[in-house]
Amino acid sequence: MNYLAHIALSQPNSYSLVGNLLGDFCKGVQIDMLPQAVRQGLANHRAVDHFTDHHPLVRNAKTHFSAQRRRFAGITLDMLFDHFLIRHWPAFYSQPFAAVKQQIYSDIAAAEHLMPPEMAATMRNVYQKDWFASYEQLPSLGYALDRIAQRIRFTNQFSGVIEEIEPVYSQLEHDFLQFYPQLQQHVQQLGLEQN
């Protein structure tokens, strides 16, 4: 899952928010020196990733991508699932997404002091450039995926992956709608974070 889903599956406090986002920024971080609530959030992040990566629906979804892009199918699905989460937000959460998004951005800004520098810089871009708005529409999601392709340090054919999403969009959306409630239930049952 990508940033939005990890945030949505966190607890409503700064430590949990940071921990649930930290999974992508752990390099060089002394985990055992973090506050317990941040470590619990990180454990939740890792549990979400493990459940997602090993789920049959997600594994099957990766097979829709061509051989040259399958290596990046996980990244693609992470961002596409955030797109589907935004599209279907009212099916999973009671507050309107627009209001939640502004609260998330405010919470990220307030929690920057708890983040390692690379993470703080990325999260600053998330809220200053309104990344979640770029996930709302498929063309802008395609642009965001192409920007990731440009940052990969080796020659790749990841760019243009949106062309492989479009023909199977409905199937992937259906898979997400089956998968996400199972992920929510899994997180709730694990209870890795204390309220």
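Here, every reference points to the structure presented above.
It should be emphasised that the depicted structure is a prediction, and the values quoted were computed from it without experimental measurement.

### Some thoughts on the overall build of the protein
Regarding its fold elements, the protein presents 13 helices and zero strands. Starting at the N terminus and ending at the C terminus, the protein contains elements arranged as α-α-α-α-α-α-α-α-α-α-α-α-α. Here the C-alpha atoms of the protein give a radius of gyration of 16 Å, agreeing with the 16 Å that 2.2 N^0.38 yields for 195 residues. For the protein, the spread of C-alpha atoms along the principal axes amounts to about 45 × 35 × 30 Å. A total of 195 residues make up the protein; the buried ones form 48% of that total. Pairs at least 24 residues apart make up 69% of the contacts formed inside the protein by residues separated by at least 6 positions. Taken as a whole, the protein presents about 10,100 Å² of accessible surface, with 49% of it coming from carbon and sulfur. Side-chain charges in the protein split into 15 positive and 18 negative, and the spacing between the mean points of these groups amounts to 6 Å.

### Things to note about the nonpolar core
A general trend in soluble globular proteins is that nonpolar side chains are found buried together. Counting residues in hydrophobic clusters, the biggest one holds 63 residues, and the most contacted among them are M1, L80, L85, M123, F132, Y180 and L183. No other element matches the eight residues that helix α6 (residues 73-87) contributes to this core.

### Description of the layout of surface pockets
Which parts of space are left empty comes out when a probe the size of a water molecule is rolled across the atoms. Here the largest pocket is characterised by a volume of approximately 1,000 Å³. Lining the largest pocket are 27 residues; nearest its centre among them are Y3, M79, W131, I148 and R151. Of all the elements in the fold, those that place two or more residues in the lining of the largest pocket are α1 (3-8), α3 (36-54), α6, α9 (117-128), α10 (131-134) and α11 (138-151). No other element matches the five residues that α11 contributes to the lining of the largest pocket. The class makeup of the residues in the lining of the largest pocket is 10 nonpolar, six polar and 11 charged.

### Regarding the side chain of E112
Looking at the secondary structure, you find E112 in the loop between α8 (97-110) and α9. Given a relative accessible area of 15%, E112 falls into the buried group. If near-sequence neighbours (up to four positions away) are discounted, E112 is found in contact with A120, R124 and Y127.

### Focus on the packing of α6 against α11
Running from amino to carboxyl end, α6 crosses α11 at an angle of 150°, the nearest separation of the two axes being 11 Å. Considering their axes alone, α6 and α11 lie roughly antiparallel with respect to each other. The way α6 lies across α11 gives a crossing that is right-handed. Residues I75, T76, M79, L80 and H83 of α6 form the contact with α11, whose participating residues are L138, L141, A144, L145 and I148. Of the residues that constitute the contact of α6 with α11, the class distribution is eight nonpolar, two polar and no charged.

### A short note on unusual backbone geometry
Notably, D130 is not glycine yet its phi reads approximately 50°, a positive angle. Structurally, D130 can be placed in the loop between α9 and α10. Judged by relative accessible area, which is 26%, D130 ranks as partly exposed.

### Things to note about the pattern of salt bridges
The final tally for this structure, using the stated rule, is five salt bridges. Note that E164 and R69 form a salt bridge whose closest N and O atoms lie 2.8 Å from each other. Separated by 95 residues along the polypeptide, E164 in helix α12 (residues 162-165) and R69 in helix α5 (residues 67-70) bring together distant segments of the chain. A relative accessible area of 15% places E164 in the buried class. What emerges from the salt-bridge pattern is a single network uniting K101, D130 and E136.

Reading the values: the criteria
- Residues numbered from 1 in each chain as written.
- Predicted model: local features only at pLDDT ≥ 70, side-chain atom pairs only at ≥ 80, totals over all residues.
- Heavy atoms only, no water.
- Helix = DSSP H or I, 4+ residues; strand = E, 2+ residues; numbered from the N terminus.
- Rg over C-alpha atoms; globule rule 2.2 N^0.38 Å.
- Buried < 20%, exposed > 50% of the residue type's maximum accessible area, 1.4 Å probe, protein only.
- Contact = heavy atoms within 4.5 Å.
- Areas by Shrake-Rupley, 256 points an atom, 1.4 Å probe, with all protein chains shown as cover.
- Lys, Arg positive; Asp, Glu negative; His and termini not counted.
- Charge placed at Lys NZ, Arg CZ, Asp CG, Glu CD.
- Core = buried A, V, L, I, M, F, W, Y, C linked by side-chain atoms within 4.5 Å.
- 1 Å grid on protein atoms, 1.4 Å probe; cavity = no way out; pocket = protein on both sides within 12 Å on 5 of 7 lines; lining within 4 Å.
- Points joined across faces, edges and corners; volume = space filled by probe spheres on them.
- Nonpolar A, V, L, I, M, F, W, Y, C, P; charged D, E, K, R; others polar.
- Axes fitted to C-alpha atoms, helices over the stretch in contact; angles between N-to-C directions.
- Parallel < 35°, antiparallel > 145°, perpendicular 65-115°, else oblique.
- Left-handed = near helix turned anticlockwise from the far one by under 90°.
- Salt bridge = Lys/Arg side-chain N within 4 Å of Asp/Glu carboxyl O.

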